[in-house]
Amino acid sequence: MSIERTFSIIKPDAVKKNAIGGVVARLEEGGLRVVASRMVRLTEQQARAFYAVHKDRPFYGDLVKLMTEGPVVVQVLEGENAVLKNREIMGATNPEKADGGTIRKLFGTNIERNAVHGSDAPETAAQEIAFFFSGSELATLQR
Ligand code: ADP
Ligand code: MG
C-alpha cells in the first residue's frame, strides 16, 4: 500500500445536476482527500488535448462537445492506492452497468454523460495532474 495521487474531473453533467458536493462526499467517504481543486470551463482545444488518447474513437467528437458544454471541477485526489480506489468509487464507464452506490450509478446519465473522469493508471494520473496544476501551485496547497 502506498500513498498515491490521481486526477479527477467532475464533468459538466454532474455540475449541472448540482452534484459537486455529492461527488466529493463519496470520494472523501471512500478515503480520498482533495488536495487541489478548481472550477474551469474547458476550451475545445483543451478538451481535445486532454482526451487525445481517444482521438480515433467514434465518440471523440461527442466527448469533446460534452466536456465543453459547461463548467467542470478539476481535482487532485490523494490516498492509499488512489488511482484504483477512485475508479472503484466512480464505478463502471456505463452508469447502467455501474455498481450500486458508485458515483456513476448515483449521478451519471448515460455512457457519455457519466458524471466523472478518473485517471486509469499512476502514469496517466501524473500527466493529467500536470495538464491542469503546476508543481508550484500544488506546493502552495500542502497542509
Ligand atoms: P473511463 O472514463 O471510464 O475511463 P474511457 O476512458 O474508455 O472511460 O472513455 C472516456 C470517456 O468517453 C467516458 O468517460 C465517456 O464519457 C466517453 N465514452 C466512453 N465509451 C463511450 C462509448 N462507447 N460511447 C460514447 N461515449 C463513450
Ligand atoms: Mg479513461
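Scroll up a little and you will see the structure.
No experiment lies behind these values; they were computed from the predicted model shown. (Residues numbered from 1 in each chain as written. Chains lettered and ligands numbered in written order. Predicted model: local features only at pLDDT ≥ 70, side-chain atom pairs only at ≥ 80, totals over all residues. Heavy atoms only, no water.)

## Looking at the pairing of strand β1 (residues 3-10)
- Counting buried residues along β1, six of its eight residues qualify, which places the element largely inside the surrounding structure.
- Where β1 and strand β3 (residues 72-80) come together, eight bridges link them in antiparallel fashion. Its bridge partner being in β3, T6 is matched across the sheet by L77. (Buried < 20%, exposed > 50% of the residue type's maximum accessible area, 1.4 Å probe, protein only. Helix = DSSP H or I, 4+ residues; strand = E, 2+ residues; numbered from the N terminus. Pairing = 2+ DSSP bridges.)

## Some thoughts on the site of ligand 1
- Surrounding ligand 1, one finds K11, H54, F59, L63, R87, T93, R104, I111, E112 and N114.
- K11 places a side-chain nitrogen or oxygen 2.9 Å from an oxygen atom of ligand 1.
- A distance of 2.9 Å is found between an oxygen atom of ligand 1 and a backbone nitrogen or oxygen belonging to E112.
- Contact with the protein chains removes 78% of the 520 Å² of surface that ligand 1 exposes when unbound.
- Classifying every residue of the shell around ligand 1 gives three nonpolar, three polar and four charged. (Near = heavy atom within 4 Å. Polar contact = N/O pair within 3.5 Å; in protein donor to acceptor, adjacent residues only side chain to side chain. Areas by Shrake-Rupley, 256 points an atom, 1.4 Å probe, with all protein chains shown as cover. Nonpolar A, V, L, I, M, F, W, Y, C, P; charged D, E, K, R; others polar.)

## Considerations on helix α5 (residues 82-90)
- Of all the positions in α5, only A82, V83, N86, I89 and M90 are classed as buried. Projection of α5 onto a plane perpendicular to its axis shows the buried side chains occupying an angular sector of 135°, all on one side. Projecting away from the buried face of α5 at angles above 90 degrees are the exposed residues L84 and E88.
- The inward-facing, buried residues of α5 contact β1, α2 (20-29), β3, α6 (103-107), β4 (116-118) and α7 (122-132).
- Backbone geometry just downstream of α5 places G91 in the positive-phi region, at approximately 90°. (Arc of directions from axis to C-beta. Contact = heavy atoms within 4.5 Å.)

## A short note on the packing of aromatic side chains
- Tallying each qualifying case throughout the model produces six aromatic pairs.
- Plain terms: the ring middles of F7 and F50 are 5.7 Å apart, the flat faces sit at 55° to each other, and that makes the pair tilted. Highlighted residues: F7 in strand β1 and F50 in helix α3 (residues 44-50), separated in sequence by 43 residues.
- Between F50 and F132 the ring centres are 5.8 Å apart and the planes differ by 55°, which places this aromatic pair in the tilted class. With F50 in helix α3 and F132 in helix α7, this pair connects stretches of sequence that are 82 residues apart.
- With relative accessibility at 8%, the residue F50 sits in the buried group.
- Every member of this aromatic cluster is reached through a ring pair, and the members are F7, F50, Y51, F131 and F132. (Phe/Tyr/Trp six-rings, centres within 6.5 Å; stacked < 30°, edge-to-face > 60°.)

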